[in-house]
Amino acid sequence: MRVRLGPDFGWLWSAYAVSTYGTWIAFGAFPLIAVQVLHASAVAVSLLEAAGLAVAATVAFTLGPWVEHRAKRPVMIAMDLIRFAAMASIPIAYVLGLLSYGQLLVVSVISGTASIAFAAASGAYLKFLVRGEHLLVANGRFEGTNWVATAAGPPLGGALIGLLGPVVTIMADAFSYLLSALGVLRVRGGDVAAPRDRVTRLRGAEVLDGWRFILRDPVLKGLFLNSVLVGGLIMATAPLLAVLLLGQYHFPAWQYGLAFGIPALGGFVGARLSARLVARYGRHRIMTLFGWLRSFFPLGLAFVQPGIPGLVTVIVVEGLLITCMGVFNPIYATERLQRTPVDHTARILSTWSAAGKLLQAALMVVWGILATLTSPLAAITTSGVLLLATPLLLPGSTHFRAPEPVAAAADVPVA
């Protein structure tokens with residue numbers, strides 16, 4: 001029987017869906033513009049991705065407490081409008097002949113910072129809006145939407161690029177944030193803003209509070225270390241795959257989009273199966289199994305080659321990886337939310353996201369240098385080998401106990 005989560009969740013889900021579709025239509029747009037318009041090297045493309053992530057994540061460390069003590073819907077709307085303005089500046093500069101590497105870098109920083117703040121606010125609001133026993137269902141719907149958008153967006157974006165040029169997808173992404181803001185505006189339920197604790201009134205103390213809470217819980221600590229390392233090692237290869245497929249192997253844009261679009265259907269299937277698998281086999285068993293499986297398949301990218309065989313290899317490898325992620329991610333996101341107090345959710349999510357992006361930035365730089373010293377394919381292979389060890393960080397069954405009781409949504413002041 002389908003669980004009904006109410007119209008307010010429906011508007012929040014719609015806002016997420018439209019911005020996610022915009023993001024995936026613009027998938028790979030920054031490295032594509034850097035390679036094809038600005039003729040950037042592999043190191044420059046990696047630095048573009050890494051510097052944007054690093055600066056955005058550094059700023060975002062201080063955003064958690066700021067988001068925590070404010071009503072969440074106005075924060076989400078403001079972040080959407082900021083992202084719209086930043087992304088819309090790229091097509092304008094391109095038309096005027098003023099587009100530069102520096103502007104791509106600045107937009108990457110602004111957009112990345114606003115995205116972290118939006119994610120922290122929306123995660124905290126989701127915990128307030130949806131009852132605990134329905135969080136896995138809600139996260140499964142978000143996850144499924146993400147993977148459908150991933151399947152449809154890149155091929156559509158590649159077709160738009162072929163017809164209208166490389167920056168049209170950036171404009172589509174910009175307008176998606178306006179639509180997202182309108183969706184959040186339609187949510188009519190209450191809001192939540194945590195009161196400021198006099199003991200931790202200083203901003204620095206509040207920032208460190210997120211770290212302390214993550215590291216104090218064995219399950220959160222294991223999930224944190226695993227997730228940031230897996231995300232970092234996978235994302236470190238993203239610009240290198242763009243250089244390899246678009247630059248060295250000369251894949252057309254539509255094939256590049258297809259290579260990452262079709263596999264995303266596996267993520268949708270995985271997300272739909274996630275709650276059913278947990279109900280039948282248990283949360284820890286399914287999380288551990290698919291945590292191991294998702295670390296195994298990226299090594300298959302070591303066998304990518306030019307032409308149709310290379311395209312098929314990417315589709316198969318990414319399909320298996322993304323199916324596992326589709327099962328794993330909703331369980332992991334639900335476990336994290338259920339172990340987080342309502343009045344700490346935003347700062348913990350922002351700390352988690354910022355730390356992950358900082359590591360991604362560092363690894364992108366390292367892998368960019370490694371690719372220059374060896375080759376993009378060798379660097380991608382190295383990442384696949386290292387990923388094999390990451391499941392060892394997943395929490396064991398002895399630590400996978402029920403979370404400590406936390407304040408219910410009703411106990412937190414609403415706005």
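Remember, predicted model here, so these are calculated numbers, not experimental data.

A. View of the packing of helix 10 (residues 218-236) against helix 11 (residues 238-248). In contact at an axis separation of 4 Å, helix 10 and helix 11 are set at 20° when each is read in the N-to-C sense. In terms of their interaxial angle, helix 10 and helix 11 are classed as roughly parallel. Across the interface between the two elements, I234, M235 and A236 from helix 10 touch A238, P239 and L240 from helix 11.

B. Main features of helix 11. Taken across its 11 residues, helix 11 has 8 buried, putting it largely inside the fold. Residues of helix 11 that are buried include every one of P239, L240, L241, A242, V243, L244, L245 and L246, and no others. Downstream of helix 11 by a residue or two, H250 has a phi angle that is positive, lying close to 55°.

C. Region of the structure containing the pattern of salt bridges. Summed over the entire model, instances satisfying the criterion amount to 4 salt bridges. A salt bridge links E335 to R283; the shortest N-O distance between them is 2.6 Å. Of this pair, E335 sits in helix 15 (residues 307-338) while R283 is found in helix 14 (residues 283-296), placing the two residues 52 residues apart along the sequence. Judged by its relative accessible area of 2%, E335 is buried. On the accessibility criterion, R283 (23% relative accessible area) is partly exposed. Close ionic contact of E335 with R339 constitutes a salt bridge, the shortest N to O distance being 2.3 Å. The exposure class assigned to R339 is buried, which follows from its relative accessible area of 3%. Connected through shared salt-bridge partners, D217, R283, E335 and R339 make up one network.

D. Here's a closer look at the side chain of S111. Tracing the sequence through the fold places S111 in helix 6 (residues 101-129). Owing to a relative accessible area of 12%, S111 belongs among the buried residues under this scheme. Filtering out sequence-adjacent residues up to four positions away, S111 remains in contact with R83 and M87.

E. Main features of the side chain of S227. Mapping S227 onto the fold places it in helix 10. On the accessibility criterion, S227 (16% relative accessible area) is buried. At 3.1 Å, the side chain of S227 and the backbone oxygen of F224 are in polar contact. At a separation of 3.0 Å, a polar atom in the side chain of S227 contacts the side chain of W352. When sequence neighbours within four positions are dropped, the list of residues in contact with S227 reads Y332 and W352.

F. The arrangement of the confidence of the model for the chain in detail. On average, residues of the chain score 81 in pLDDT, and 87% of them reach the 70 mark or higher. Across residues 402-415, where pLDDT falls below 50, the model places 24 contacts with residues more than four positions away in sequence or in other chains.

G. Quick peek at the environment of L208. With respect to the helices and strands, L208 occurs in helix 9 (residues 203-216). Each C-alpha atom, one on L208 and one on R347, is 9.3 Å from the other, the two residues being 139 residues apart in sequence.

H. Geometry of the packing of aromatic side chains. The full count for this structure, using the stated rule, is 11 aromatic pairs. Judged by centre distance (4.8 Å) and plane angle (80°), the rings of Y16 and F142 are edge-to-face. Within this pair, whereas Y16 is found in helix 1 (residues 7-25), its partner F142 is found in helix 7 (residues 135-164), the two being separated by 126 residues in sequence. On the basis of relative accessible area, F142 is assigned to the buried category, the value being 12%. Ring plane angle 85° and centroid distance 5.7 Å describe the contact between W211 and F224, whose orientation is recorded as edge-to-face. Taken as a pair, W211 in helix 9 and F224 in helix 10 lie far apart in primary sequence, 13 residues in all. Judged by relative accessible area, which is 6%, F224 ranks as buried. Pairwise contacts between aromatic rings join W211, F224, F328, Y332 and W352 into one cluster. One Lys or Arg, R294, reaches over the ring of F328 and ends 3.9 Å from the middle of that ring.

Each value, and the rule that gives it
- Residues numbered from 1 in each chain as written.
- Predicted model: local features only at pLDDT ≥ 70, side-chain atom pairs only at ≥ 80, totals over all residues.
- Heavy atoms only, no water.
- Axes fitted to C-alpha atoms, helices over the stretch in contact; angles between N-to-C directions.
- Helix = DSSP H or I, 4+ residues; strand = E, 2+ residues; numbered from the N terminus.
- Parallel < 35°, antiparallel > 145°, perpendicular 65-115°, else oblique.
- Contact = heavy atoms within 4.5 Å.
- Buried < 20%, exposed > 50% of the residue type's maximum accessible area, 1.4 Å probe, protein only.
- Salt bridge = Lys/Arg side-chain N within 4 Å of Asp/Glu carboxyl O.
- Polar contact = N/O pair within 3.5 Å; in protein donor to acceptor, adjacent residues only side chain to side chain.
- pLDDT = per-residue confidence, 0-100.
- Phe/Tyr/Trp six-rings, centres within 6.5 Å; stacked < 30°, edge-to-face > 60°.
- Lys NZ or Arg CZ within 6 Å of the ring centre and 35° of its normal.

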